[in-house]
Each structure stands twice: as structure tokens, then as C-alpha cells.
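# Residue-level structural notes
Here is what each chain is made of, one letter per residue.
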Amino acid sequence: WALQSAGVREIVSVASVGGIRHDCGPGALVVPDQLLDYTWGRPSTFFEGGDQPVTHIDFTHPFAAPMRRALLDAAGRIGERVIDGGTYAATQGPRLESAAEVNRLERDGADLVGMTAMPEAALARELGIDYATLAVVVNHAAGRGASAGGIQLEEIERVLQAAMARVRALLEEVVTARVPPESGGGA
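Structural notes, computed from the coordinates.

### A short note on the overall build of the protein chain
For the protein chain, the count of helices and strands is five helices and seven strands. Compactness check: the protein chain gives a C-alpha radius of gyration of 17 Å against a globular reference of 16 Å for 187 residues, within 12% of the reference. For the protein chain, the spread of C-alpha atoms along the three principal axes comes to 50 × 45 × 25 Å. Of all 187 residues assigned to the protein chain, the portion counted as buried reaches 41%. Restricting to contacts in the protein chain with at least 6 residues of sequence separation, those with at least 24 account for 84%.

Encoded structure:
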């Protein structure tokens, strides 16, 4: 709500995630196009309370196509490999998932698992703000790859730190391309 009040029209969130799909290993950058919401108890609408009408939003495509395209195009311009598309499963956290939970997420069609994006994507949609996520895969999800026997939290931090320079360069390219030079401002 505060971002909309400040005139923000576009949001790119950066999320650290676990990779479920085989090509979503540590260090991969993904621009997801779909979302599964496994969260609960989080405020999920601005339209609640007796004085608010029920307000529905179309959430067929939860991440805004123009913002997804901006991320993908920026990656191409700077030569950064980014995976186009994937289903992001948002879980409650703060604990990481069990191997059985990741198995269920995979059966449900999830490619990535993280703890953000919901309700943020829905709240942005309610306010008419374009929202997309740049997912940084920091580990194989529980029970997968190097995390088959357990998740090494120190390794997550190492991968995240290594990826952040790439993320910054990509975001700088997105902003540079979207902010007119004469504006002198940031996005």
C-alpha cells in the first residue's frame, strides 16, 4: 500500500529459493511464470472487513508479463543466463521443507520452493502494480541433489553471495532500460 501511495507501478522481487526441477540447481536464476500458494494466516488482501466489498482479481498469470519480459530482455543484453518460466511454490516458513513435502510440491507441478511471493504478488495485483520475481536458486530442495542427505545452510549463504553480483547487474540493466535518461530518478 505504501509503495502504491508513493507512485510505484512496477516491482521486481528477488527471492532465494530451493530448486526442485533438475535444471534449477544452485546458482541458477529463474523468472517464474506460475505460482502455487501453500501459505496460511498471512494477510492476503487489502479488501477485508465489514466496510469493504468482496473484490476479485484475475490471477491466471500471477507474475506480470511486462516485468517478466523486462527481466528476460535485460538478461539477454548483459549475457546472463536466466531460465524463462517455472512454477514457484510459496511455503509458510521459516523452517525449510521436508523431503516428503518437496516430493508433494513436485507432484503438484512446482519447480522452485521459497517462502516469499505470496501474498505479495496478489496484493500488488489488487493495487494494479506489475509484479515479477527473480528467483535465485541457492540450493537443491530437500531430498534433491546435494541436499539429499540434508541442507547445508553455510552452502546456501555461499551460493547466495556469489549470485548477488549477477543479480545486481541484472537489476541495474532493468532499471537503466526502464527509466528515461532525462528523468534523473530511480524506479
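Having seen the model, we can carry on.
### Describing the nonpolar core
Ranked by internal contacts, the top residues of the largest apolar core, which has 22 residues, are Val 17, Val 30, Leu 35, Tyr 88, Leu 112, Tyr 131 and Val 137. Those elements that provide at least two residues to this core are strand E1 (10–19), strand E5 (87–90), helix H4 (120–126) and strand E7 (130–140). Those residues within four positions of Tyr 131 in sequence are excluded, and the remaining contacts are Ile 11, Ser 13, Pro 62, Phe 63, Ala 64, Met 67, Ala 117, Glu 120, Ala 121 and Ala 124. Formed by 20 residues, the second largest nonpolar core is a distinct cluster that contains Val 31, Leu 72, Leu 134 and Val 136.

### Examining the packing of helix H2 (residues 65–78) against helix H5 (residues 153–178)
When two helices pack together, their arrangement is given by the angle between their axes and by how far apart the axes lie. With their axes 9 Å apart at the nearest point, H2 and H5 run at an angle of 110 degrees to one another. Between H2 and H5, the crossing angle belongs to the class labelled roughly perpendicular. Between H2 and H5 lies a crossing whose hand is right-handed. Residue-level contacts link Pro 66, Met 67, Ala 70, Leu 71, Ala 74, Ala 75, Arg 77 and Ile 78 of H2 to Ala 169, Leu 170, Leu 171, Glu 173, Val 174, Ala 177 and Arg 178 of H5. Considering only residue class, the contact of H2 with H5 consists of 12 nonpolar, no polar and three charged.

### Re the packing of aromatic side chains
This structure, assessed with the given rule, holds one aromatic pair. Aromatic side chains Phe 63 and Tyr 131 sit 6.3 Å apart centroid to centroid with 20 degrees between the ring planes, which places their arrangement in the stacked category. With Phe 63 in the loop between strand E3 (34–37) and H2 and Tyr 131 in strand E7, this residue pair connects regions lying 68 residues apart in the sequence. Of the two residues examined, Phe 63 and Tyr 131, each falls in the buried class.

### Digging into the sheet that holds E7
Taken in spatial order, the seven strands make up an open sheet running E3-E5-E6-E1-E7-E2-E4, and their pairing is mixed. The sheet terminates laterally at E3 and strand E4 (83–84), the two strands that pair on one side only. Of the pairings in the sheet, the one linking E5 to strand E6 (residues 112–114) comprises three bridges and is parallel in character. By the bridge assignment, Tyr 88 is partnered in E6 with Leu 112. Together, E1, strand E2 (29–31) and E7 form the strand contacts of H5, whose direction differs from that of E7 by roughly 155 degrees.

Procedures and definitions
- Throughout, a residue's number is its position along its own chain's written sequence, starting from 1.
- Totals for whole chains, interfaces and linings use all residues, but because this is a predicted model, local features are given only for residues with pLDDT of at least 70 and pairs of side-chain atoms are given and counted only at 80 or more.
- Each side-chain value is derived from all of the structure's non-hydrogen atoms; neither hydrogens nor water enter the calculation.
- Secondary structure elements are defined from DSSP: runs of H or I of at least 4 residues count as helices, runs of E of at least 2 residues count as strands, and each element is numbered from the N terminus.
- Only C-alpha atoms enter the radius of gyration, while the globule expectation follows 2.2 Å times N to the 0.38, with N the number of residues.
- In this scheme, a residue with accessible area under 20% of its type's maximum is buried, one over 50% is exposed, and one in between is partly exposed, where area comes from a 1.4 Å probe on protein chains only.
- Pairs of residues are marked as contacts when any of their non-hydrogen atoms sit within 4.5 Å.
- To form a nonpolar core, buried Ala, Val, Leu, Ile, Met, Phe, Trp, Tyr and Cys residues must be joined to one another through side-chain atoms within 4.5 Å.
- All axes are obtained by fitting lines to C-alpha atoms, using only the stretch in contact for helices, and the reported angles, taken between N-to-C directions, cover 0 to 180 degrees.
- Roughly parallel means an angle under 35 degrees; roughly antiparallel, over 145; roughly perpendicular, 65 to 115; everything else is oblique.
- Should the near helix be turned anticlockwise from the far one by less than a right angle, the crossing is left-handed, and should it be turned clockwise, the crossing is right-handed.
- Throughout, the ten residues Ala, Val, Leu, Ile, Met, Phe, Trp, Tyr, Cys and Pro are labelled nonpolar, Asp, Glu, Lys and Arg are labelled charged, and all others, Gly among them, are labelled polar.
- Ring geometry is summarised as follows: Phe, Tyr and Trp rings, the Trp one being its six-membered ring, pair when their centres sit within 6.5 Å, and such pairs are stacked at plane angles under 30 degrees, edge-to-face over 60 and tilted between the two.
- Here a strand pair is declared whenever DSSP counts at least two bridges between the two strands.

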